Amino acid sequence: MKQLFHQAYRFLKASDAPLLLGCLGASLVSLFMLSGIVHSGLTEPRRFWVQLIALALGLIAAVVVSLFDYHFMARMWKIHVPVALLLVLLTFVIGAQRGGADDKAWLILPFGMSFQPSELLKVSFILSFAYHLSLVRETVNQPKTLALLCLHGAAPVLLIHLQGDDGTALIFAAIFVGMLFAAGLEWRYILGAAGAVLAALPILWFFIFSEDQRNRILTVLNPELDPQGIGYQQITGQMAIGSGSVFGSGVYSGSHVYVPEIQNDFIFSFIGNATGFIGCLGVIVLLAFLCYQVLRTGTRAKDPLGLYICAGVFSQLAAQIIANLGMCLGVLPVIGLTLPFISAGGTSVVTLYMSLGLVLSVYRYSSENIFNK
């Protein structure tokens, strides 16, 4: 046991300990909140145990990934990209629909477990796109190079869109944009792309968006438009957050507002209900700290590849945090995205820790950090 603690100490000393401990802290908050949700009878006990197992597996995955040189993992894109894509493509044939979702994005595993391949594809995409950017960093603003980069970024977005998971597709788009920005994309392209999106909005609204997607957006503007349907989740979510006042009703009080998917996409509403404004602020500060630490590691990376990897992980975290909080607060449409490290979800937790492992690898293998140990 003494040797185990010694090895753990050595690992923390050579790693970004604040980031790793911050992620662990967020996971412990998740377990605490899930135990309260189970105690209130709002979800089944299995959710808590799956989250605990996912945390253990995620920590192991983070440690293992961090021990590999991120250059080696990026160069291995010819192995992990096809595997991740194949798993996603399998969902088109044998995909299962999770309760509360409207897309068949899961693969059924033994013992009643399930796996969402698109989460693994995020990790693979960050690595492969970072490697692509590192190879063309000197010509990233040349039209031909940029066109190929856009094709690379569009592939997972379109694939996940066809799968029916537009929320995850938007996260892939955010990762793509964030990494391009970190690579030094000129503002003329950024402003041009923003103008093109604005010009395309009428076409998207009338010809691309489904009726359900249009209603989700309209419900943000007027939740009472469909209070028993699409608007119900956000209305009850806001009620739960508001009823918590400053200090909340208590995690184990048992007097909590029921919100659909309260253990998953809308766990922030339970946090507001149970711990109030203080608890909500604490969670937001903790998640913001994690994003800051990822960016900090990226700025200290010894080469552009490390920077791009950290930019991808940061973009993933920031986009999901903003989207999830926006959903719960009623300022963004409900698009089925989890709150990183907090929401229940085995695949999400394990793959988030794999992404954390990538950042820890950048930290460990950056010359500045190695020589300062």
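Residues numbered from 1 in each chain as written. Predicted model: local features only at pLDDT ≥ 70, side-chain atom pairs only at ≥ 80, totals over all residues. Heavy atoms only, no water.

Caption draft 1: How the structure looks around unusual backbone geometry. In this structure, Ser 245 takes a positive phi of about 55 degrees despite not being glycine. Tracing the backbone through its elements, the reader meets Ser 245 in the loop between helix H11 (230-243) and helix H12 (267-299). Despite not being glycine, Glu 261 shows a phi value in the positive range, around 60 degrees. On the secondary structure map, Glu 261 appears in the loop between H11 and H12. (Helix = DSSP H or I, 4+ residues; strand = E, 2+ residues; numbered from the N terminus.)

Caption draft 2: Structural context of the environment of Arg 300. Here Arg 300 is to be found in the loop between H12 and helix H13 (304-329). On the accessibility criterion, Arg 300 (35% relative accessible area) is partly exposed. (Buried < 20%, exposed > 50% of the residue type's maximum accessible area, 1.4 Å probe, protein only.)

Caption draft 3: Broad picture of the nonpolar core. Membership of the largest hydrophobic core comes to 90 residues, with the highest contact counts inside it found for Leu 133, Leu 180, Ile 309 and Leu 339. Broken down by element, this core gets its largest block of residues, 13 residues, from H13. Beyond its immediate stretch of four places on either side in the chain, Leu 339 contacts Ile 267, Phe 268, Val 283, Leu 287, Ile 321, Asn 324 and Leu 325. (Core = buried A, V, L, I, M, F, W, Y, C linked by side-chain atoms within 4.5 Å. Contact = heavy atoms within 4.5 Å.)

Caption draft 4: Inspection of the environment of Asp 226 at higher detail. One can find Asp 226 in the loop between helix H10 (211-221) and H11. Relative accessible area serves as the criterion here: at 32%, Asp 226 is assigned to the partly exposed category. Separated by eleven residues in sequence, Asp 226 and Asn 215 have C-alpha atoms that sit 8.6 Å apart. Non-local contacts of Asp 226, meaning those with residues more than four positions away in its chain, are made with Gly 231 and Tyr 232.

Caption draft 5: Main features of the confidence of the model for the chain. Averaged over every residue, the pLDDT of the chain is 90; the share at 70 or more is 96%. When the criterion is pLDDT under 50, residues 368-373 qualifies, and its contacts beyond four places in sequence or with other chains add up to seven contacts. (pLDDT = per-residue confidence, 0-100.)

Caption draft 6: Geometry of the side chain of Asp 16. Structurally, Asp 16 can be placed in the loop between helix H1 (2-14) and helix H2 (17-39). Within the buried core, Asp 16 has no salt-bridge partner, and the shortest N-O distance to an opposite charge, that of Arg 296, equals 5.3 Å. Beyond its immediate chain neighbours, meaning those up to four positions away, Asp 16 contacts Gln 293, Thr 297, Leu 360 and Tyr 363. (Lys, Arg positive; Asp, Glu negative; His and termini not counted. Salt bridge = Lys/Arg side-chain N within 4 Å of Asp/Glu carboxyl O.)

Caption draft 7: Local environment of the environment of Asp 69. Tracing the backbone shows Asp 69 in the loop between helix H3 (46-67) and helix H4 (70-75). Residues Asp 69 and Ser 366, 297 residues apart in the sequence, show an inter-C-alpha distance of 9.8 Å. Asp 69 has contacts with Ser 361 and Tyr 365, leaving out every residue within four places of it along the chain.

Caption draft 8: Broad picture of the packing of helix H6 (residues 117-135) against helix H14 (residues 346-364). Relative to each other, H6 and H14 sit at 15 degrees, their axes nearing to 8 Å. If you check the angle between H6 and H14, you find them roughly parallel. Between H6 and H14 lies a crossing whose hand is right-handed. Within the contact between the two elements, H6 uses Glu 119, Leu 120, Val 123 and Leu 127 and H14 uses Thr 347, Ser 348, Thr 351, Met 354, Ser 355 and Leu 358. A breakdown of the residues in the contact of H6 with H14 according to their chemical character gives five nonpolar, four polar and one charged. (Axes fitted to C-alpha atoms, helices over the stretch in contact; angles between N-to-C directions. Parallel < 35°, antiparallel > 145°, perpendicular 65-115°, else oblique. Left-handed = near helix turned anticlockwise from the far one by under 90°. Nonpolar A, V, L, I, M, F, W, Y, C, P; charged D, E, K, R; others polar.)

Caption draft 9: A look at a nonpolar patch on the surface. Taken together, the side chains of Ile 53, Leu 57, Ile 60, Val 64, Phe 68, Phe 72, Met 76, Ile 79 and Val 83 make up a nonpolar region of the molecular surface, amounting to roughly 810 Å² of accessible area. Contributions of two or more residues to the nonpolar patch are made by H3 and helix H5 (77-94). The element best represented in the nonpolar patch is H3, accounting for four residues. By relative accessible area, which is 37% here, Phe 72 ends up partly exposed. (Patch = residues over 30% accessible without salt bridge, like charges linked within 9 Å, V, L, I, M, F, W, Y side chains within 5 Å. Areas by Shrake-Rupley, 256 points an atom, 1.4 Å probe, with all protein chains shown as cover.)

Caption draft 10: Inspection of the pattern of salt bridges at higher detail. Summed over all chains, the structure comprises four salt bridges. Measuring nitrogen to oxygen at the nearest pair gives 3.3 Å for the salt bridge that ties Glu 44 to Arg 47. Glu 44 sits in the partly exposed class, given a relative accessible area of 36%. A salt bridge links Glu 119 to Lys 122; its shortest N-O distance comes to 3.2 Å. Separated by three residues within a single helix, Glu 119 and Lys 122 lie in helix H6, roughly one turn from each other. For Glu 119, a relative accessible area of 7% gives the class buried.

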